[in-house]
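Below are the chains, spelled out letter by letter.
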Amino acid sequence: MAAGTLFLVVGPSGVGKDTLLDGARARLKDDARFLFARRVITRAADAGGEDHEAVTSEEFARRKVAGGFLLTWSAHGLDYGLPMALSEALEQGRNVVANGSRATIAELAKLVPHLTVVEITAPPEAVAARLRARGREDEAQVAERISRTVPAMPDGVDVIRIVNDVDVATGIGRLVAALSEPRS
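Draft legend 1. Fine view of the sheet that holds strand E1 (residues 6-10). Strand order across the open sheet formed by five strands is E2-E7-E1-E8-E9, with parallel pairing between neighbours. Looking at strand neighbours, the two that pair on one side only are strand E2 (34-36) and strand E9 (158-163), the edges of this open sheet. Strand-to-strand twist across the sheet, computed as the mean angle between neighbouring axes with direction ignored, equals 20 degrees. Inspection of the sheet shows E2 paired to strand E7 (residues 95-99) by three bridges, in the parallel sense. Along E7, the bridge assignment pairs Leu-35 with Val-96. Sitting on the sheet, helix H1 (residues 17-27) is in contact with E1, E2, E7 and strand E8 (115-121), with an inclination near 150 degrees to E7. Here helix H7 (residues 168-180) sits on the sheet and contacts E1, E2, E7, E8 and E9; the angle it forms with E9, its principal contact strand, is near 165 degrees.

Draft legend 2. Here's a closer look at the packing of H1 against H7. Contact geometry for H1 and H7: axes closest at 9 Å, N-to-C directions at 65 degrees. Where H1 crosses over H7, the two elements pack in a sense that is right-handed. Between H1 and H7, the residues in contact are Thr-19, Leu-20, Leu-21, Gly-23, Ala-24 and Arg-27 and Val-168, Ala-169, Gly-171, Ile-172, Gly-173, Leu-175, Val-176 and Leu-179, respectively. Here the residues of the contact of H1 with H7 are counted per class, giving nine nonpolar, four polar and one charged.

Draft legend 3. Region of interest: the packing of aromatic side chains. The tally for this structure, following the rule as stated, stands at two aromatic pairs. A centroid spacing of 4.7 Å and a plane angle of 25 degrees characterise the contact between Phe-60 and Phe-69, whose relative ring orientation is stacked. Take Phe-60 and Phe-69: they sit in the same class, and that class is buried. Pairing Trp-73 with Tyr-80 gives two aromatic rings, centres 5.5 Å apart and planes at 5 degrees, and the pair type is stacked. A single burial state applies to Trp-73 and to Tyr-80, both of which are buried.

Draft legend 4. Representation of the nonpolar core in the model. By size, the foremost hydrophobic cluster in this structure holds 24 residues, and its most contacted members are Phe-36, Val-97, Val-118, Leu-175 and Leu-179. The dominant element in this core, judged by the number of residues it contributes, is H7, at five residues. Val-97 has contacts with Phe-7, Val-9, Leu-21, Phe-34, Leu-35, Phe-36, Ala-37 and Leu-179, leaving out every residue within four places of it along the chain. Formed by 23 residues, the second largest nonpolar core is a distinct cluster that contains Ala-89, Val-96, Ile-105 and Leu-108.

Draft legend 5. How the structure looks around the packing of helix H5 (residues 124-134) against helix H6 (residues 139-147). Packing of H5 against H6 brings their axes to within 10 Å, and their N-to-C directions diverge by 145 degrees. The chirality of how H5 crosses H6 is right-handed. Between H5 and H6, the contacting residues are Pro-124, Val-127, Ala-128, Leu-131, Arg-132 and Arg-134 on the first element and Glu-139, Val-142, Arg-145 and Ile-146 on the second. When the residues that make up the contact of H5 with H6 are grouped by side-chain class, the tally is six nonpolar, no polar and four charged.

Draft legend 6. View of the pattern of salt bridges. Scanning the entire structure with this criterion turns up nine salt bridges. The salt bridge partner of Arg-161 is Glu-119, with a shortest N-O separation of 2.6 Å. Here the residue Arg-161 occupies a position in strand E9, and Glu-119 occupies one in strand E8, the gap between them amounting to 42 residues. A relative accessible area of 8% places Glu-119 in the buried class. In this structure, a network of salt bridges that share partners links the residues Glu-53, Glu-59, Arg-62 and Arg-63.

Reading the values: rules and limits
- Residues numbered from 1 in each chain as written.
- Predicted model: local features only at pLDDT ≥ 70, side-chain atom pairs only at ≥ 80, totals over all residues.
- Heavy atoms only, no water.
- Pairing = 2+ DSSP bridges.
- Helix = DSSP H or I, 4+ residues; strand = E, 2+ residues; numbered from the N terminus.
- Axes fitted to C-alpha atoms, helices over the stretch in contact; angles between N-to-C directions.
- Contact = heavy atoms within 4.5 Å.
- Left-handed = near helix turned anticlockwise from the far one by under 90°.
- Nonpolar A, V, L, I, M, F, W, Y, C, P; charged D, E, K, R; others polar.
- Phe/Tyr/Trp six-rings, centres within 6.5 Å; stacked < 30°, edge-to-face > 60°.
- Buried < 20%, exposed > 50% of the residue type's maximum accessible area, 1.4 Å probe, protein only.
- Core = buried A, V, L, I, M, F, W, Y, C linked by side-chain atoms within 4.5 Å.
- Salt bridge = Lys/Arg side-chain N within 4 Å of Asp/Glu carboxyl O.

None of the figures reported here should be taken as evidence of function without further support.
Shown next as structure tokens:
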């Protein structure tokens, strides 16, 4: 059996990544080819955002030392991990969809046989409106997020770009189509 593909979904705050992932998860819930990763994060379970496994920093460190993660990274004062069980699912031929960080792409490409990065983008004005609507950043922070430059993708990585610039249903449809396309 061929190994599955790890679809690492990346994109800056405000592009609608979590919304598209939630919609794709709902649409593909009965498709045994796909497994949507549940990340382990050192963030309270009730902090909002994605459904994740909340752990303390001490528990995260213990699991990391014990080899419990396929990959870990830190961002914005939090630790994130993709559980090692995802590697087993890939070996069994399942496609894993994981919310990830652009900073981990090169390392992840060395760890899994088939990696496809799904980069979610949106026009700056749409991102700014979404950030304002969520109410976590002031105008200066919104402007700073919009002006961030995105580093180039590592060479040799399969990348699918999805522009989330219409309605939610269209964005979800674009993500589901990207995940369902045969990869070489």
